Amino acid sequence: MDECPGCVPASRLPSIDRLMQRPVNAALVAEHGHTLVVGEARALLAALRERALSGELSDAGLQPEQLDQRLAERVARRLAPAMRAVLNLTGTVIHTNLGRALLADAAQQHLLAMMAGPNNLEYDLHSGGRGDRDELVEELLCTLTGAEAATVVNNNAAAVLLTIGALAAARPGRSEVIVSRGELVEIGGAFRMPDVMAAAGAMLVEVGTTNRTHPGDYERAIGERTALLMKVHTSNYAVQGFTAAVDESELARIAHGHGLPVATDLGSGALVDLRAFGLPQEPTPQQKLAAGCDIVTFSGDKLLGGPQAGLIVGTREAVGRIRKFPMKRALRMSKLPLAALEATLRLYLRPERLAQDLPTLRLLTRPVEAIRASAQNLHLALALALSPRYEVSVVELQGQIGSGSLPVDRLPSAGLAIAPTLAGKKGLGAALDRLATALRALPLPVIGRVADDRLLLDLRCLEDDAAFRGQLPALKELLA
Ligand SMILES: *Cc1c(COP(=O)(O)O)cnc(C)c1O
């Protein structure tokens, strides 16, 4: 204590009762209740006591107004949600770390309406008996994809696991799944095809080589233990050059010749031909079913533009087996995403309106001229807010669709590039870090990307300039 003349001992801390008797804190209790506020007050005093014991507590830190303010801040922090809205200016439209597809208005409204009270999740309004939650979307999925039957689960990883489990692992002595070596993909996290096979209880049989697999490779691998032939869409990378793969129609011909089913995991799986919207082609479930696949699995929150979900479409036989498989119950969809999924799928009944109604498609098809205009609009205001330490320029950018969709295609875009002024080589990284940190600390955090010693803000996904502009004073303050 001797080395710290301004420091005070722990005995100077107020008691919890004294702290709570102060009118502002009593008001805090009246608003939020005793449990939260007194709990935070105790934690605050404990933290201060620690500091006093290590000789770091100053007299100023003990002023009643100081303590009141810190208590109010603690309570506010505790109540602030951890999941927060952000501005995705990364240039990747379907960003897995930023929540993937945005829900359409219709989906948000249906979701809210269904959550506010009871609904017919598993109740048949015609018969008055028990219903099946799958039926809420099955007919719609069949209409849109041409499938005989459909079922839905929590996400596409679950759809793949369930498909393999039900069509292969569930058959004693017949649990081999044949997959091309070129398609043993890792999607991210712990989702690697070989591991999924093992987890589902199936035996993986690899055929072909990384770059080339031929029909004969599958033919030769089929034996008494074979249960399923499987194709996996190589969604997050591309094998280019000297390549060969067996397409679904050829694979279906081989499989069906041996009385075996074929499943395809599409990953993203667009429900419409994206070329009609000026975007690169992505395989659709309807194409794969028409080619003869018994099961096609795809995600709800990638190109489909809905909530997290795994969609399984196919023949009545194969879907029936999947639906009856016990794991289905553990992987079933919750009513929240199911409501959002149904409303999203209904938007596809009006394909002419899709580019307006579905945010994912609206953002992907946003004309580069509109994005550039938005960048020009914001340029001066941002430059002023960041001057003199950073300079801002309007730039052409290359964005991407994201979530493993169309990995090699780029989306021409535009945005703002921010570079530190006068910073030496050494200070550059720190200056960019400081800026990125300040952007993330905004009330509506802004997430950009760093490339070539600049912080890039791709404005494709900024449909409302005001949401960005309104935060510039706060940004200026954070950097001051
Ligand atoms: C994204 C993806 C998955 C996983 O889908 P989730 O909906 O994220 O569970 C599986 N397979 C492929 C090919 C994918 O691209």
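These numbers were taken from a predicted model, which means no experiment stands behind them.

**So, the overall build of the protein chain**
Right, so step 1: What the protein chain contains, in helices and strands, is 20 helices and 15 strands.
Right, so step 2: Counting the 480 residues in the protein chain, one finds 47% classified as buried.
Right, so step 3: Here the contacts in the protein chain between residues at least 6 apart in sequence split such that 74% fall between residues at least 24 apart.

**As for the environment of Gly165**
Right, so step 1: Mapped onto the fold, Gly165 is located in helix H7 (residues 156-169).
Right, so step 2: Residue class for Gly165 comes out buried when judged on its relative accessible area of 0%.
Right, so step 3: Along the primary structure Gly165 and Pro9 are separated by 156 residues, whereas in three dimensions their C-alpha atoms are 65 Å apart.
Right, so step 4: Beyond its immediate sequence surroundings of up to four residues, Gly165 is in contact with Ala170, Ala200 and Phe325.

**Focus: the side chain of Arg100**
Right, so step 1: Looking at the element boundaries, Arg100 is found in the loop between strand E1 (87-88) and helix H5 (105-115).
Right, so step 2: Polar side-chain contacts of Arg100 include one of 3.1 Å to the side chain of Thr96.
Right, so step 3: Of the polar contacts made by the side chain of Arg100, one reaches the side chain of Asp301; its length is 3.0 Å.
Right, so step 4: Leaving out residues up to four positions away in the same chain, Arg100 has contacts with Ile94, His95, Ser299, Asp301, Lys302 and Ser403.

**Some points on the domain arrangement of the protein chain**
Right, so step 1: With domains assigned, the protein chain is organised as domain 1 (10-79), domain 2 (87-95 + 364-479) and domain 3 (105-353).
Right, so step 2: The distance between the C-alpha centroids of domain 1 and domain 3 comes to 54 Å.

**A closer look at the sheet that holds strand E14 (residues 449-451)**
Right, so step 1: In spatial order, the strands read E11-E12-E15-E14; together these 4 strands make up an open sheet with antiparallel pairing. Edge strands, defined here as strands with exactly one partner in the open sheet, are strand E11 (390-399) and E14. Taken over all neighbouring pairs, the strand axes of this sheet differ in orientation by 35° on average, direction set aside.
Right, so step 2: Looking at chain direction, E14 and strand E15 (residues 454-458) are connected through 3 bridges and run antiparallel. Paired with Val450 across the strands is Leu455, a residue of E15.

**Notes on the pattern of salt bridges**
Right, so step 1: Applying the stated criterion across every chain, the model contains 23 salt bridges.
Right, so step 2: A salt bridge links Glu248 to Lys288; the shortest N-O distance between them is 3.0 Å. Within this pair, whereas Glu248 is found in helix H10 (residues 248-257), its partner Lys288 is found in helix H11 (residues 285-290), the two being separated by 40 residues in sequence. We note that Glu248, like Lys288, is buried.
Right, so step 3: The closest approach of N and O atoms between Asp273 and Arg275, which form a salt bridge, is 2.8 Å.
Right, so step 4: Judged by its relative accessible area of 32%, Asp273 is partly exposed.
Right, so step 5: The network of salt bridges with shared partners includes Glu122, Arg130, Arg133 and Arg332.

**Quick word on the nonpolar core**
Right, so step 1: Counting residues in each nonpolar core, the largest one holds 55 residues, and the members touching the most others are Leu141, Leu229, Phe298 and Leu345.
Right, so step 2: Ranked by residues supplied to this core, first place goes to helix H6 (residues 135-145) with 5 residues.
Right, so step 3: Both domain 2 (87-95 + 364-479) and domain 3 (105-353) contribute no fewer than three residues apiece to this core.
Right, so step 4: Ignoring any residue separated from it by four or fewer positions in sequence, one finds Leu229 in contact with Ile178, Tyr218, Ile222, Leu251, Ile254, Ala255, Leu260, Pro261, Val262 and Ala263.
Right, so step 5: Counting 31 residues, the second largest nonpolar core, distinct from the first, contains Ala159, Ile164, Ala263 and Ile295.

**Topic: the sheet that holds strand E10 (residues 310-314)**
Right, so step 1: Taken together, 7 strands build an open sheet; the order of strands is E2-E10-E9-E8-E7-E3-E6 and the sheet is mixed. Taken across any chain shown, the strands that pair with only one partner, and hence form the sheet edges, are strand E2 (149-153) and strand E6 (203-207). Across the sheet, the mean angle separating the axes of adjacent strands is 25° when strand polarity is ignored.
Right, so step 2: Pairing of strand E3 (residues 176-180) with strand E7 (residues 226-232) involves 4 bridges; the strand directions are parallel.

**A few points about the pairing of E10**
Right, so step 1: By the criterion of burial, E10 is predominantly enclosed, with 5 of the 5 residues buried.
Right, so step 2: Relative to E10, E2 runs antiparallel, the two sharing 5 bridges. Across the sheet, residue Val152 finds its bridge partner in E10, namely Leu311.
Right, so step 3: With 5 bridges connecting them, strand E9 (residues 295-299) and E10 associate as antiparallel partners. Bridge pairing in E10 links Phe298 to Leu311.

Criteria and cut-off values
- Residues numbered from 1 in each chain as written.
- Predicted model: local features only at pLDDT ≥ 70, side-chain atom pairs only at ≥ 80, totals over all residues.
- Heavy atoms only, no water.
- Helix = DSSP H or I, 4+ residues; strand = E, 2+ residues; numbered from the N terminus.
- Buried < 20%, exposed > 50% of the residue type's maximum accessible area, 1.4 Å probe, protein only.
- Contact = heavy atoms within 4.5 Å.
- Polar contact = N/O pair within 3.5 Å; in protein donor to acceptor, adjacent residues only side chain to side chain.
- Domains from an automatic or database assignment.
- Pairing = 2+ DSSP bridges.
- Axes fitted to C-alpha atoms, helices over the stretch in contact; angles between N-to-C directions.
- Salt bridge = Lys/Arg side-chain N within 4 Å of Asp/Glu carboxyl O.
- Core = buried A, V, L, I, M, F, W, Y, C linked by side-chain atoms within 4.5 Å.

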